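One letter stands for each residue in the lines below.
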Amino acid sequence: MFGIVRPCRHRLGETLTAQWTAHLCGLCLALRGDHGQLARIVTNYDGLLISVLTEAQADPGGSTGRRTAGPCPLRGMRTASVAHGEGARLAAAVSLVLASAKVRDHVADGDGLLARRPVALAARRVAAGWDRAGARTGSDVGFDTAVLVDAVDRQTGIESLAGPGTPVLTVTEPTETATAAAFAHTAVLAGRPRNAAPLAEAGRLFGRLAHLLDAVEDREADAASGAWNPLTATGTSLDEARRLADDAVHGIRLALREAEFTDGGLAHRLLVHELPNSVRRAFGTPSCAHGSHPYAPPGAPGAPGGPTPPEPPRRDRRGLLAGCAVWLGLACTCQLCCGTYEDPWTRERKEGCLHNCDCDCCDCCECCNCCNCGGEDGCCSGCDCGCDC
């Protein structure tokens, strides 16, 4: 589950969390349905943005929609309404091609086990298969993944020529081009061609942001291992990287204002409210736990010094064998470590031991930083994202 947009369910709220989960499950099932079980490992948080944007623009009853999926260990063996259709399949195609690029990049760098020739050869075969699979699915929804493959191929050459003094945006350009094409095609799928230009701009800036934040997060590890890093190679300071990242976040916000959405609540929340959190996380801004709500009056449940909020009613417990079966599924899919899941026996909501919620409690509703600036400059001016501040 890689990606820079990792929203906290406490900030999303119940409705948007359900929508977000529907797109995540939809992407996972689209990968399985078209390409088999192995392909599900490329499910990622950023890829589902393609599905979110497609649905946000689509007319009700169109080619995008929801279906009921069967029980899954990641959902505590419950059925769920999941996104399906062309948006989910486009997200799957993009995820496959970009995951293939990531694998080849790790092979080229000789990371970990990939430094061993037999493992590297096997990884290259898997990556090549993902390229072909992504191209097939992309063709089915009218998207030519050649633009993604070309961007990946150019990336290697650009990195080999980059050095001190090279603008870091020269290095991020292939990623920008690839994500711009993917974002723009959501407008085609949704039948809103006029949205293609602003969404291409939003995608271009999102690609820039993703590349920069990845470089910032990997900077120390790359320095320790001697791996290539765009910031180190070009001599770009963290201050300059932060300036470019903040500019990209602002540009995405402006670009989204130019697009027309049928229901853009989740897209707005992820791309306007969550991206600043991604920037703060990458640059090491401290965040706190979300046990106390910043707007609760002193002494109230959940406020500092107040009583502990009452526990929700317990659900029906599973039997020993049924719980063991669910636990095995959770363990095999890593959900016990890095996800949100239901206890196999008690059905209580729990967080994986490595779960990084990134919930900045000083701003549980991030809109308070942007809605109150007034006038047309407020990022939530004229939007309907559920902000009540």
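Whatever comes next refers back to the structure up there.
Now for a look at the structure at hand. (Residues numbered from 1 in each chain as written. Predicted model: local features only at pLDDT ≥ 70, side-chain atom pairs only at ≥ 80, totals over all residues. Heavy atoms only, no water.)

What follows deals with the side chain of T179. Mapping T179 onto the fold places it in helix α6 (residues 168–189). A distance of 3.2 Å separates a polar atom in the side chain of T179 from the backbone oxygen of E176. A polar contact of 3.4 Å, which involves the side chain of T179, links it to the backbone nitrogen of G207. In this view, T179 contacts G203, R204 and G207; residues no more than four positions away in its chain are not counted. (Helix = DSSP H or I, 4+ residues; strand = E, 2+ residues; numbered from the N terminus. Polar contact = N/O pair within 3.5 Å; in protein donor to acceptor, adjacent residues only side chain to side chain. Contact = heavy atoms within 4.5 Å.)

To continue, consider the pattern of salt bridges. The full count for this structure, using the stated rule, is 16 salt bridges. The closest approach of N and O atoms between R204 and E176, which form a salt bridge, is 3.5 Å. You can see R204 sitting in helix α7 (residues 196–225) and its partner E176 sitting in helix α6, a full 28 residues away along the chain. Exposure remark for E176: the relative accessible area of 6% places this residue in the buried category. In this structure, the salt-bridge partner of R194 is E260, at a minimum N-O distance of 3.9 Å. Here the residue R194 occupies a position in the loop between α6 and α7, and E260 occupies one in the loop between α9 (238–257) and α10 (265–282), the gap between them amounting to 66 residues. A relative accessible area of 41% means that E260 is categorised as partly exposed. Salt bridges sharing partners connect three or more residues here, namely D59, R192, R194 and E260. (Salt bridge = Lys/Arg side-chain N within 4 Å of Asp/Glu carboxyl O. Buried < 20%, exposed > 50% of the residue type's maximum accessible area, 1.4 Å probe, protein only.)

Moving on: the nonpolar core. Counting 66 residues, the largest nonpolar core has F206, L209, L271 and L275 as the members making the most contacts within it. With ten residues, α7 is the single largest residue contributor to this core. (Core = buried A, V, L, I, M, F, W, Y, C linked by side-chain atoms within 4.5 Å.)

Function cannot be read off these values alone, since they describe shape.
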